[in-house]
Amino acid sequence: MRCLLLYIFLFPLLSCSQKPKIKVDGSSTVYPITEAVAEDFMWNNSGANVTIGVSGTGGGFKKFIRNEIDITNASRPIKAIEDEETKKAGIDYLELPIAFDGLAIVVHPQNTWVDYLTVEELKKIWQPEAQSKVKKWNQIRPEWPNKEIHLFGAGTQSGTFDYFTEAIVGTAKSSRGDYTASEDDNVLVQGISSDVLALGYFGLDYYEANQDKLKLVPIDNGHHKGPIIPTQESISSGIYQPLSRPLLLYVNQSSLERPEVLNFLIFYLKNAPKLVKESGYVPLTPETYELLIKRVEDRISGSVFLSSRSTVGVKIEELIQEE
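Quantities reported herein were computed from a predicted structural model and do not represent experimental measurements.

Participant: Tell me about the packing of aromatic side chains, residues and numbers included.
Facilitator: How two aromatic rings sit relative to each other is set out by the distance from centre to centre and by the angle between their planes. Inspection of every chain in the model, using the stated rule, returns eleven aromatic pairs. Both rings, one in Tyr93 and one in Tyr250, keep their centres 5.7 Å apart while their planes meet at 65 degrees; by these two values the pair is edge-to-face. Of this pair, Tyr93 sits in strand S4 (residues 93–107) while Tyr250 sits in strand S11 (residues 244–252); the two residues are 157 residues apart in sequence, bridging distant segments of the chain. Since its relative accessible area comes to 2%, Tyr93 is described here as buried. Between Trp126 and Phe164, the aromatic rings sit 5.7 Å apart at their centres with planes inclined by 80 degrees, giving edge-to-face as the arrangement. Of this pair, Trp126 sits in helix H5 (residues 119–126) while Phe164 sits in helix H6 (residues 159–169), and the two are 38 residues apart along the sequence. Classification of Phe164 by relative accessible area gives buried; the value is 1%.

Structure representation (structure tokens):
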């Protein structure tokens, strides 16, 4: 009888551990989308088990290259050096853009002096030359307070860091280092929302999830009439530049031989229009998702972004259609 009871107790645990596991890691920005898709997928496919880690885009690529995960979330396209490392590791990959995102520039709600910032002002604040020199608000505009700026931004393993520095400073990874950095956007939200002198950046969805604690700063890029805030409309139309970017998945082609991984990706792309928007991001067009499903079915390898000199302002639909 004791053996029977032990078997009954252990059977659910054994069944759960024997479920095929899909391992995902990478970007904290893409995490909310993949989490939403995974929850729906597991609800509709009781035999599936999707685990998702958050180690930043760079950290995710490192795990991907070590063949530790099936899929990596990325808030920037793969770099040439990472592409070379996948080849050396014998990993063939599939690249799937899945959404657009805008980077939000935010301050504390009680900051009454910042009504907007220009791209040039952001560069003045964040470029490497500003370290230990541009330290006060009135160094940006004389009429602003003679008080310290407390900066918060993405950690160096984050794709958000790469994209922001390329878009604002002009070179990826070129940034001052004297700021509070984290790959976890929730840490940045907490820091900015508790410091009236703070200024920071992260993905738009984290602002939208915490907008009662933060103030969104419009950005003047000099190409449109007045400052622009990131919205679904301004991002999808392309006018919120240069702080709009693609979000992507990278999939190990050998993992696609497993039915659960293939089914998960097809499910992801079919449900992306709804779940991307619900997660606070901007969906691609329905036609583009159909092209991406065909990309999965045809097992098209490599990156469409590597031939582009810059990822800033790149239109995903055009890249996919031209391939």
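Still more ground to cover, so stick around.
Participant: Mind laying out the side chain of Asn210, listing which residues take part and the relevant values?
Facilitator: By the secondary structure assignment, Asn210 is in the loop between helix H8 (204–209) and strand S9 (215–216). A distance of 2.7 Å separates a polar atom in the side chain of Asn210 from the backbone oxygen of Tyr206.

Participant: Could you give an account of H5, naming the residues involved and the relevant values?
Facilitator: Considered for burial, the residues of H5 that qualify are Val119, Glu121, Leu122, Ile125 and Trp126. Viewed end-on, H5 has its buried residues packed into an arc of 160 degrees, placing them on one side of the element. Where H5 is buried, its residues contact S4, strand S5 (117–118), strand S6 (150–154), H6, strand S8 (198–203) and strand S10 (219–220).

Participant: Would you mind going over the nonpolar core in detail, with residue names and values included?
Facilitator: Counting 83 residues, the largest nonpolar core has Leu96, Ile98, Ile105, Leu117, Trp126, Leu199 and Leu243 as its most contacted members. Discounting chain neighbours no more than four positions away, the residues touching Ile98 are Val30, Ile33, Leu247, Leu248, Leu249, Tyr268, Leu269, Val276, Leu284 and Tyr289. Counting eleven residues, the second-largest nonpolar core is a separate cluster that includes Ala74, Tyr93, Val304 and Phe305.

Participant: Which residues make up the pairing of S11, and what are the values?
Facilitator: Burial runs high along S11: nine of the nine residues are buried. Of the two faces of S11, the one lined by Ser244, Pro246, Leu248, Tyr250 and Asn252 and the one lined by Arg245, Leu247, Leu249 and Val251 are each fully buried. Judged from the four bridges that link them, strand S3 (residues 71–74) and S11 form a sheet pairing that is antiparallel. Pairing of Asn73 across the sheet is with Leu249, part of S11. With nine bridges connecting them, S4 and S11 associate as antiparallel partners. Bridge pairing in S11 places Tyr93 opposite Asn252.

Participant: Lay out the side chain of Ser27 in plain terms, naming residues and giving numbers.
Facilitator: On the secondary structure map, Ser27 appears in the loop between strand S1 (21–26) and helix H2 (31–44). With a relative accessible area of 2%, Ser27 lands in the buried category. Among the polar contacts made by the side chain of Ser27, one reaches the main-chain amide nitrogen of Thr29 at a distance of 2.9 Å. Residues in contact with Ser27, not counting those within four places in the same chain, are Val54, Gly56, Thr57, Asn73, Ala74 and Ser75.

Participant: Account for the pattern of salt bridges, with residues named and values stated.
Facilitator: As enumerated under the stated definition, the model contains 15 salt bridges in all. Between Lys79 and Asp162 there is a salt bridge, with its nearest N and O atoms 3.3 Å apart. Remark: Asp162 occurs in helix H6 and Lys79 occurs in the loop between S3 and helix H4 (80–88); sequence separation between them is 83 residues. For Lys294, the salt bridge identified is with Asp298, shortest N-O distance 2.5 Å. Taking relative accessible area as the criterion, Lys294 reaches 47% and is therefore assigned partly exposed. On the basis of relative accessible area, Asp298 is assigned to the partly exposed category, the value being 42%. In this structure, a network of salt bridges that share partners links the residues Arg76, Lys79, Glu82, Asp162 and Lys173.

The rules we used
Residues numbered from 1 in each chain as written. Predicted model: local features only at pLDDT ≥ 70, side-chain atom pairs only at ≥ 80, totals over all residues. Heavy atoms only, no water. Phe/Tyr/Trp six-rings, centres within 6.5 Å; stacked < 30°, edge-to-face > 60°. Helix = DSSP H or I, 4+ residues; strand = E, 2+ residues; numbered from the N terminus. Buried < 20%, exposed > 50% of the residue type's maximum accessible area, 1.4 Å probe, protein only. Polar contact = N/O pair within 3.5 Å; in protein donor to acceptor, adjacent residues only side chain to side chain. Arc of directions from axis to C-beta. Contact = heavy atoms within 4.5 Å. Core = buried A, V, L, I, M, F, W, Y, C linked by side-chain atoms within 4.5 Å. Pairing = 2+ DSSP bridges. Salt bridge = Lys/Arg side-chain N within 4 Å of Asp/Glu carboxyl O.

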